[in-house]
Amino acid sequence: MARALIVVDVQNDFCEGGALGVEGGHDVARGVAARIAEGGYDLVVTTQDWHVDPGTHWSTTPDFLDTWPVHCEAGTPGAEVHADVAAALAATDMPVAGVRKGAYEAAYSGFEGVDADGTGLAGVLAAAGVDAVDVVGIATDHCVRATALDARAAGIDTTVLVGLTAGVAPETTQAALDLLREKEVRLV
Ligand SMILES: [Zn+2]
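We now turn to the structure provided with this report. (Residues numbered from 1 in each chain as written. Predicted model: local features only at pLDDT ≥ 70, side-chain atom pairs only at ≥ 80, totals over all residues. Heavy atoms only, no water.)

So, the packing of helix α4 (residues 140-153) against helix α5 (residues 170-182)
Piece 1. Direction vectors running N to C along α4 and α5 enclose 10°, while the axes themselves pass 9 Å from each other. Judged by the inter-axis angle, α4 sits roughly parallel to α5. In this structure, α4 contributes T140, D141, R145, A148 and L149 to the contact, and α5 contributes T172, T173, A176, L177, L179 and L180.
Piece 2. Of the residues that constitute the contact of α4 with α5, the class distribution is six nonpolar, three polar and two charged. (Axes fitted to C-alpha atoms, helices over the stretch in contact; angles between N-to-C directions. Helix = DSSP H or I, 4+ residues; strand = E, 2+ residues; numbered from the N terminus. Parallel < 35°, antiparallel > 145°, perpendicular 65-115°, else oblique. Contact = heavy atoms within 4.5 Å. Nonpolar A, V, L, I, M, F, W, Y, C, P; charged D, E, K, R; others polar.)

Comments concerning the pattern of salt bridges
Piece 1. Enumeration over the complete set of coordinates arrives at eight salt bridges.
Piece 2. For K101, the salt bridge identified is with D9, shortest N-O distance 2.8 Å. A residue pair is termed long-range when its members are at least 10 positions apart, and K101 in strand β3 (residues 96-101) and D9 in the loop between β1 (2-8) and α1 (25-38) qualify at 92 residues. Pair check on accessibility: K101 and D9 agree, each one buried.
Piece 3. Among the salt bridges present, the one from R35 reaches D134, with a minimum N-O distance of 3.9 Å. Of this pair, R35 sits in helix α1 while D134 is found in strand β4 (residues 130-138), placing the two residues 99 residues apart along the sequence.
Piece 4. By relative accessible area, which is 28% here, R35 ends up partly exposed.
Piece 5. Several salt bridges share partner residues, and in doing so they unite R3, R35 and D134 into one network. (Salt bridge = Lys/Arg side-chain N within 4 Å of Asp/Glu carboxyl O. Buried < 20%, exposed > 50% of the residue type's maximum accessible area, 1.4 Å probe, protein only.)

Thoughts on the coordination of the zinc ion
Piece 1. Listed as protein donors to the zinc ion are D49 (OD), H51 (NE2), H57 (NE2) and H71 (NE2); their distances from the metal cover 2.0 to 2.1 Å.
Piece 2. For the zinc ion, the four donor atoms in the first shell make angles of 90 to 164° at the metal, a pattern classed as irregular.
Piece 3. Here the donor residues of the zinc ion are spaced in sequence according to D-x1-H-x5-H-x13-H. One end of the pair, H57, is in the loop between β2 (43-49) and α2 (83-91); the other, H71, is in the loop between β2 and α2, and 14 residues separate them in sequence.
Piece 4. Look at H71 and you get buried, because its relative accessible area is 2%. (Donors = N, O, S within 2.8 Å, 3.2 Å for Na, K, Ca; no water. Tetrahedral: all angles 85-135°; square planar, octahedral: opposite > 155°, others 65-115°.)

Some thoughts on the sheet that holds β1
Piece 1. On the basis of which strands lie adjacent, the open sheet formed by six strands has the order β3-β2-β1-β4-β5-β6 and parallel pairing. With one partner strand each, in any of the chains shown, β3 and β6 (186-187) form the two edges of the open sheet.
Piece 2. Across six bridges, the pairing between β2 and β3 is parallel. Directly across from T46, in β3, lies its bridge partner G98.
Piece 3. Taken strand by strand, α4 contacts β1, β3, β4 and β5 (157-166), and its axis lies near 175° from that of β4. (Pairing = 2+ DSSP bridges.)

Topic: the packing of α1 against α2
Piece 1. One can describe the packing of α1 onto α2 by two numbers: an axis separation of 8 Å at closest approach and a directional angle of 10°. One finds that α1 runs roughly parallel with respect to α2. Residues A29, R30, V32, A33 and I36 of α1 form the contact with α2, whose own contacting residues are D84, V85, A88 and L89.
Piece 2. Looking at the contact of α1 with α2 residue by residue, the classes come out as seven nonpolar, no polar and two charged.

Below you can see the structure in the form of structure tokens.
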């Protein structure tokens, strides 16, 4: 049995002051960094929204449900992992991996991402023998939701550490948590 921590999209653009800042983003980054510093996982995987030309995912008149302001453009500071998390990852003894998603289309789930070798998240987890994951990050109602659902659907024992997530809006966050519970994702 191996347990991984999946850190979903804790990127500058998703924290307060970023292009698509989510309230509580910086707190999530601090909390996730502390969790990484505690250790105890067999693998830590970060996911990053990493857009080149994601089509209608970007909009000048976003609805904040299916269309969004320009964010996480590949290679920009906004697309970088939050500095607190990056520092914790640099300091940890735990194995670390990273996947990026959404270059040319919307991609909410980390399972749509690939690492530098082109291996998808499912492959990265399988290579490490991971059969249980804790999911944290931004946003609860979008990418955390999609990533946790895909993890569970892949037969992985999946827990969302709700206190280490931040949501875009209260209604969609509540709906996401209800759905996750229904799909047998553990909420802690
Ligand atoms: Zn995006």
